[in-house]
Amino acid sequence: MKIRPLHFLTLLLAGASTVLAQSQPAGFEEPPLLSAAAILKPEFAAGPGFTVRDPVITWAGRNSYTVDSDFGISRLTAM
């Protein structure tokens with residue numbers, strides 16, 4: 001399988017974001033853990049065939065959601 005430059009960059013950035021998300025520099029507070037039900041309208045927190053898991057992790061001003069659905073598990077990031 002030949003790796004194209006764009007694929008390589010995507011893999012590199014995905015690995016870097018995982019490392020950055022796991023480490024906090026000393027002297028900084030931990031990002032808050034939020035409840036999906038507290039920040040989403042009820043129809044967006046759960047519905048036919050899907051549920052948003054708690055906790056919702058916040059990092060760099062973005063919320064990271066984990067969604068369980070009839071199609072599997074998805075991770076979404078939104079501002």
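Scope of this entry: the structure provided in the associated data block. Once a new chain begins, its residue numbering starts again from 1 and follows that chain's sequence as written. Residues qualify for local features only when their pLDDT is at least 70, as the model is predicted, and side-chain atom pairs are given and counted only at 80 or more; totals for whole chains, interfaces and linings, by contrast, use all residues. Only hydrogens and water are removed before side-chain values are computed, so all heavy atoms of the structure are retained for them.

Moving on, we come to the overall build of the protein. By definition, any uninterrupted DSSP run of H or I lasting at least four residues is a helix, any uninterrupted run of E lasting at least two residues is a strand, and each is numbered from the N terminus. Assigned secondary structure in the protein consists of three helices and six strands. Secondary structure of the protein in N-to-C order comes out as α-β-α-α-β-β-β-β-β. Exposed residues in this analysis have more than 50% of their type's maximum accessible area, buried residues have under 20%, and partly exposed residues fall in between, with area computed by a 1.4 Å probe over protein chains only. Across the 79 residues of the protein, 11% fall into the buried class. Summarising the internal contacts of the protein: among those between residues at least 6 apart in sequence, 18% fall at separations of at least 24. All accessible-area figures derive from a Shrake-Rupley calculation using a 1.4 Å probe, and residue coverage is judged against the displayed protein chains alone. Accessible surface computed for the protein: about 6,600 Å², of which carbon and sulfur atoms make up 65%. Contact criterion: two residues are considered in contact whenever any of their non-hydrogen atoms come within 4.5 Å of each other.

Turning next to the pattern of salt bridges. Side chains that differ in charge, positive against negative, can pair when their charged atoms come close. Salt bridges are defined as contacts in which a side-chain nitrogen from Lys or Arg sits within 4 Å of a carboxyl oxygen from Asp or Glu. Within this structure, the stated rule accounts for one salt bridge. One salt bridge in this structure joins Asp68 and Arg53, with 2.8 Å as the shortest N-O distance. Residue Asp68 is found in strand E5 (residues 62-69), and its partner Arg53 is found in the loop between strand E3 (50-52) and strand E4 (56-59); the two are separated by 15 residues along the sequence. The class for Arg53 is partly exposed, based on a relative accessible area of 34%.

Okay, unusual backbone geometry next. The omega torsion across Asp54 and Pro55 is -5°, close enough to zero to call that bond cis. In this model, Ala60 sits at a positive phi of 55°, which is unusual for a non-glycine residue.

Structurally, Thr58 is set in strand E4. Throughout this description, a polar contact denotes any pair of N or O atoms lying within 3.5 Å of each other; where both atoms belong to protein, one of them has to be capable of donating a hydrogen while the other can accept it, and for residues adjacent in sequence the pair is counted only when both atoms sit in side chains. A distance of 3.0 Å separates the side chain of Thr58 from the side chain of Asn63, its partner in a polar contact. Once you skip the residues sitting within four places of it in the chain, Thr58 turns out to touch Pro31, Pro32, Leu34 and Asn63.

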